[in-house]
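Understanding the architecture of this molecule
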Amino acid sequence: MRLPLIDPAMLTDEQKPLYDDMKKGITSNFNAFQVIAENGALMGPWNPWLHEPKIGAAIWDLTKAMSMQATLPDGARQIAILVTGAHFNAAYEIYAHVAVAEKEGMSEERLSTLVAGVKPTGLAGEEEVAYDVAYALLNGGGILPRPTYDLAVKTFGQHGAAELIYLVGLYCLVSITLNGFNVPVPEKE
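Computed from a predicted structure; not experimentally measured.

Along the backbone of the chain there are 8 helices and 0 strands. Reading the secondary structure of the chain in the N-to-C direction produces α-α-α-α-α-α-α-α. Here the C-alpha atoms of the chain give a radius of gyration of 17 Å, agreeing with the 16 Å that 2.2 N^0.38 yields for 189 residues. Projected onto the principal axes, the alpha-carbon positions of the chain cover approximately 50 × 35 × 30 Å. Among the 189 residues that make up the chain, the fraction classed as buried is 46%. Taking the intrachain contacts of the chain between residues at least 6 apart in sequence as the baseline, contacts between residues at least 24 apart amount to 69%. Of the accessible surface of the chain, which amounts to about 9600 Å², a share of 54% is contributed by carbon and sulfur atoms. Between the mean site of the 13 positive side-chain charges and the mean site of the 22 negative ones, the chain shows a separation of 4 Å.

Structure representation (structure tokens):
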């Protein structure tokens with residue numbers, strides 16, 4: 001890891017309110033995986049964001065909007081996030097959202113296929129559209145194809161299609177953050 005975890009006792013005046021807000025949001029929304037170290041330090045992407053509080057606060061505001069006010073179905077969200085994490089081979093992202101997807105009942109076979117970067121068989125409806133949009137944005141090398149976009153709007157509505165596109169973009173940023181700072185996966189006991 002390239003940035004040390006910040007002990008809450010060592011937070012600057014600029015970091016403290018961001019830490020408090022992130023910790024509050026994390027404990028209420030990100031509880032399927034380990035996010036807080038024994039000493040209270042934030043792990044995952046939150047630690048790098050805390051190191052740069054001006055930038056981190058902006059990313060955290062986007063993260064809150066995309067997670068705490070989400071309208072997309074959970075299964076579709078997790079598929080889009082896992083496709084993105086697998087594309088970047090972002091270990092912490094895969095660890096975290098496999099845990100979320102498992103908690104939501106996603107099968108081991110589907111999870112294995114998604115994190116291998118392959119489209120699972122048996123996807124249908126919203127989940128298939130979420131996969132196709134995420135895959136096309138990450139691998140298409142250009143504009144999201146019109147049929148894929150139109151199907152996303154038909155499936156999720158204009159707002160939901162926009163949310164899906166922004167979600168993939170957010171998790172690209174999260175994955176790049178994790179990889180850029182070599183954020184490790186917590187050890188299992």
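Turning our eyes to something else, we now look at helix α3 (residues 53-68). Those residues of α3 that sit buried are Pro-53, Gly-56, Ile-59, Trp-60, Thr-63, Met-66 and Ser-67. The arc enclosing the buried residues of α3, seen along the axis, measures out at 145°, which places them on a common side. Buried residues in α3 make contact with α1 (15-29), α2 (46-51), α4 (74-88) and α8 (146-180).

For α8, which comprises 35 residues, the first-to-last C-alpha distance of 32 Å sits more than 12% below the rise-based estimate of 51 Å (1.5 Å per residue). Bending of α8 peaks at approximately 115° at the position of Phe-156. Just beyond α8, the residue with positive phi is Asn-182, at close to 50°.

Rules behind the numbers
Residues numbered from 1 in each chain as written. Predicted model: local features only at pLDDT ≥ 70, side-chain atom pairs only at ≥ 80, totals over all residues. Heavy atoms only, no water. Helix = DSSP H or I, 4+ residues; strand = E, 2+ residues; numbered from the N terminus. Rg over C-alpha atoms; globule rule 2.2 N^0.38 Å. Buried < 20%, exposed > 50% of the residue type's maximum accessible area, 1.4 Å probe, protein only. Contact = heavy atoms within 4.5 Å. Areas by Shrake-Rupley, 256 points an atom, 1.4 Å probe, with all protein chains shown as cover. Lys, Arg positive; Asp, Glu negative; His and termini not counted. Charge placed at Lys NZ, Arg CZ, Asp CG, Glu CD. Arc of directions from axis to C-beta. Expected span 1.5 Å × (residues − 1). Bend = angle between axes of the 7 residues up to and from the residue.

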